[in-house]
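# Remarks on the overall topology
Now for the letters of each chain:
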Amino acid sequence: MAEYDHYINGEWVSGDGDAFESYNPATGESLGSFPRGTDGEVDRALAAADDAFEEWRELSYIDRAEYLWEIYHELRERTDELAEIVTKECGKEIAEGRADVVEAYHMVEWAASDARRPHGDVVPSEIPAKDAYMRRKPRGVVGCITPWNFPVAIPFWHMAVTLMEGNTVVWKPAEQTPWCGQIIAEMFADTGIPSGVFNMVQGYGDAGARIVDDERVGTVLFTGSAEVGHSIADQVGGEPGKLAACEMGGKNAIVITESADLDIAVHSAVMSSFKTTGQRCVSSERLVVHTDVYEEFKERFVDVASRISVGDPLDEDTFMGPLADASQVEKFNRYNDLARQEGGNVLVDRSELDDDEIPEGHEGGHWVGPFVYEIEYDPGHRCLKEEVFAPHVALVEYEGDVDRAIEIHNDTPYGLAGAIVSEDYRQINRFRDRAEVGLAYGNLPCIGAEVQLPFGGVKKSGNGYPSAREVIEAVTERTAWTLNNDKDIQMAQGLSADIKTDE
Ligand code: UN1
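Fair warning: this is a prediction, and the values are worked out from it, not measured in the lab.

Across its full length, the protein carries 14 helices and 20 strands. For 503 residues, the compact-globule estimate of 2.2 N^0.38 gives 23 Å, and the protein sits close to it at 25 Å. Counting over 503 residues, the protein shows a buried share of 53%. Restricting to contacts in the protein with at least 6 residues of sequence separation, those with at least 24 account for 73%.

Now the structure itself:
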């Protein structure tokens with residue numbers, strides 16, 4: 001079995017703690033052995049990042065971008081090979097594996113090309129002789145903790161802009177996808193980036209917690225579960241000068257109004273609920289459908305959900321691969337039971353696939369198909385509020401105007417992504433303005449955001465934006481800089497600059 005290392009201070013470092021294995025969720029086969037990061041290893045990585053910061057921040061943006069451009073080209077040249085690794089390690093079907101790598105190089109492209117764009121703002125002053133600017137400074141060592149569902153794209157969401165802005169990085173990839181982490185670290189090593197600027201420590205939550213705890217870390221970027229993200233935000237919030245930007249999933253919904261084009265509605269709902277086997281933080285687990293179109297929508301959605309292809313994720317004809325691991329399957333089944341207990345009427349239950357639906361040689365995979373139910377809206381139902389992260393979908397019928405749909409839509413603690421399907425521009429704009437989400441879509445699935453948009457949520461879905469364009473706010477400090485071009489000191493706001501003495 002292949003054995004891999006951490007990457008610390010420009011070197012491959014074997015672990016002195018336990019090792020763990022990564023498994024292909026479609027087959028159960030082992031993909032390699034990885035060191036489980038210890039306190040000492042995390043400490044070395046943080047020390048290296050701290051030491052490298054001064055040298056790295058002194059480089060121009062354009063010089064820093066050169067390292068990222070190398071990665072950009074490598075990601076492009078090796079897209080198919082990396083897509084296969086993504087698919088083997090996290091189970092998403094191959095076209096999605098490819099899109100994960102494409103999204104990664106889009107992010108790197110955005111960050112590196114930002115090097116040649118203006119940074120900061122020129123701001124007017126009340127005093128004509130004053131020049132005022134907003135300038136940005138790096139915050140130092142940034143700790144990045146990333147999830148398994150986008151094992152290449154999300155690390156670059158965190159790290160590309162962070163490094164461009166002159167920060168150094170200690171990164172812990174998800175323990176489910178350490179092989180993807182290994183490949184990314186190899187890419188950084190190939191660029192010859194100065195030692196200590198980029199460090200990767202493999203491991204579990206204890207290694208992540210150690211990064212979060214450390215006083216050398218200026219910013220923590222976290223994408224993952226709400227439970228972990230909120231505890232990070234709480235802890236970091238109590239430490240002066242430290243920042244956390246976290247993104248933590250959703251209980252996303254699509255509103256389908258009485259004026260919806262049902263072709264668009266069914267297409268958008270199927271993609272939002274079942275792509276990535278429901279394991280996007282933007283996946284939709286609720287479909288809020290107007291009573292006038294409910295029966296027709298239900299029939300058509302149920303028909304596709306019953307037939308959608310689940311299978312070998314390396315096969316281009318597959319729509320849904322397996323769930324990522326056994327704990328995801330357990331959670332899926334637990335919430336399917338909860339939906340039944342809370343009064344759900346089950347319309348499709350493919351939670352246990354037939355033997356002939358499981359591809360040959362893949363009996364060890366974490367296979368499930370769609371679970372679809374209808375349920376009367378009740379603000380007390382937990383199945384309509386808690387994220388499952390699986391192909392578990394509720395149909396909720398509503399009567400009345402679009403405000404009623406938006407009320408149901410907003411009735412979850414989360415607020416990441418949402419969509420409306422309607423041909424009525426007034427309904428669409430109402431949803432745009434009132435849906436409590438960070439990412440809103442009209443006549444589209446609620447998945448598939450591009451990197452040049454801010455990606456993040458409201459309410460329980462997150463604080464700050466650990467991703468895409470907006471990560472810049474979390475990894476830089478703003479300096480409001482004012483320069484006087486006159487010999488006299490003049491103050492704004494009518495403040496007197498006279499010095500009065502006793503004489
Ligand atoms: C996630 O949902 O975990 O918007 C990330 C999308 C992708 C990123 C999803 N660009 O669907």
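Structure's up, so let's keep going.
With that settled, the discussion passes to the domain arrangement of the protein. Assigned domains of the protein: these are domain 1 (30-117 + 144-248) and domain 2 (252-442). Relative placement of domain 1 and domain 2: their C-alpha centres are 30 Å apart. With 13 residues of domain 1 at the interface, the matching set in domain 2 holds 14 residues. Elements with a minimum of two residues in the side of domain 1 that touches domain 2: α3 (79-90) and α4 (94-113).

Spanning 16 residues, helix α11 (residues 326-341) covers 23 Å between terminal C-alpha atoms, matching the ideal 22 Å at 1.5 Å per step. Taken together, the buried positions of α11 are occupied by Q328, F332, Y335, N336 and A339. Down the axis of α11, the buried side of the element spans an arc of 105°, and every buried residue falls inside it. What points out from α11, more than 90 degrees from its buried face, is the exposed set A326, S327, E330, R334 and Q341. For α11, the elements touching its buried residues are β15 (371-374) and β16 (392-398). Two residues or fewer past α11, G343 is found with a positive phi of approximately 105°.

Turning to the environment of N252, a few remarks are in order. For N252, the position within the fold is in strand β12 (residues 252-256). Apart from the residues lying within four places of it in its own chain, the contact partners of N252 are V282, S283, S284, E285, L416, A417, G418 and C446.

Before going further, it helps to examine the sheet that holds strand β14 (residues 345-349). Hydrogen bonds along the backbone pair up the strands of a sheet, which may run parallel or antiparallel. With respect to topology, seven strands assemble into an open sheet ordered β14-β15-β16-β13-β12-β17-β18, the strand pairing being mixed. Either end of the sheet is taken by a strand with one partner, and the two such strands are β14 and β18 (439-442). Neighbour to neighbour, the strand axes of the sheet diverge by 20° on average, direction disregarded. Where β15 lies against β16, four bridges are found, and the strand directions are parallel.

With respect to the helices, strands and loops of the structure, E423 is situated in the loop between β17 (417-421) and α13 (425-434). Considered as a pair, E423 and N443 are 20 residues apart in the sequence and their alpha carbons are 8.3 Å apart. Apart from the residues within four sequence positions on either side, E423 is in contact with S259, A260 and D261.

Another point: the nonpolar core. Grouped together as the largest cluster of nonpolar side chains are 146 residues, with contacts concentrated most on L68, M107, V108, V152, A160, I256 and L287. With residues near it in sequence (within four places) discarded, L287 still touches A253, I254, I256, A269, V393, L395 and V396.

A few words now on the sheet that holds strand β20 (residues 476-484). With antiparallel pairing, three strands are arranged side by side in an open sheet as β5-β6-β20. Both outer strands of the open sheet, β5 (121-123) and β20, are each paired with one neighbouring strand and no more. The sheet shows a mean angle of 25° between the axes of neighbouring strands, direction not considered. Pairing of strand β6 (residues 130-138) with β20 involves nine bridges; the strand directions are antiparallel. Along β20, the bridge assignment pairs D131 with L483.

Another aspect to go through is α13. For α13, the full list of buried residues reads Q427, I428 and F431. The buried side chains of α13 occupy one side of the element, clustering within an arc of 100° when seen end-on. Opposite the buried face of α13, by more than 90 degrees, sit the exposed residues Y425, R426 and D433. Residues of α13 that are buried sit in contact with β12, α12 (402-410), β17 and β18.

Cut-offs applied
- Residues numbered from 1 in each chain as written.
- Predicted model: local features only at pLDDT ≥ 70, side-chain atom pairs only at ≥ 80, totals over all residues.
- Helix = DSSP H or I, 4+ residues; strand = E, 2+ residues; numbered from the N terminus.
- Rg over C-alpha atoms; globule rule 2.2 N^0.38 Å.
- Buried ≥ 20, exposed ≤ 12 C-beta atoms within 10 Å, placed from the backbone.
- Contact = placed C-beta atoms within 7 Å.
- Domains from an automatic or database assignment.
- Expected span 1.5 Å × (residues − 1).
- Arc of directions from axis to C-beta.
- Pairing = 2+ DSSP bridges.
- Axes fitted to C-alpha atoms, helices over the stretch in contact; angles between N-to-C directions.
- Core = buried A, V, L, I, M, F, W, Y, C linked by C-beta atoms within 7 Å.

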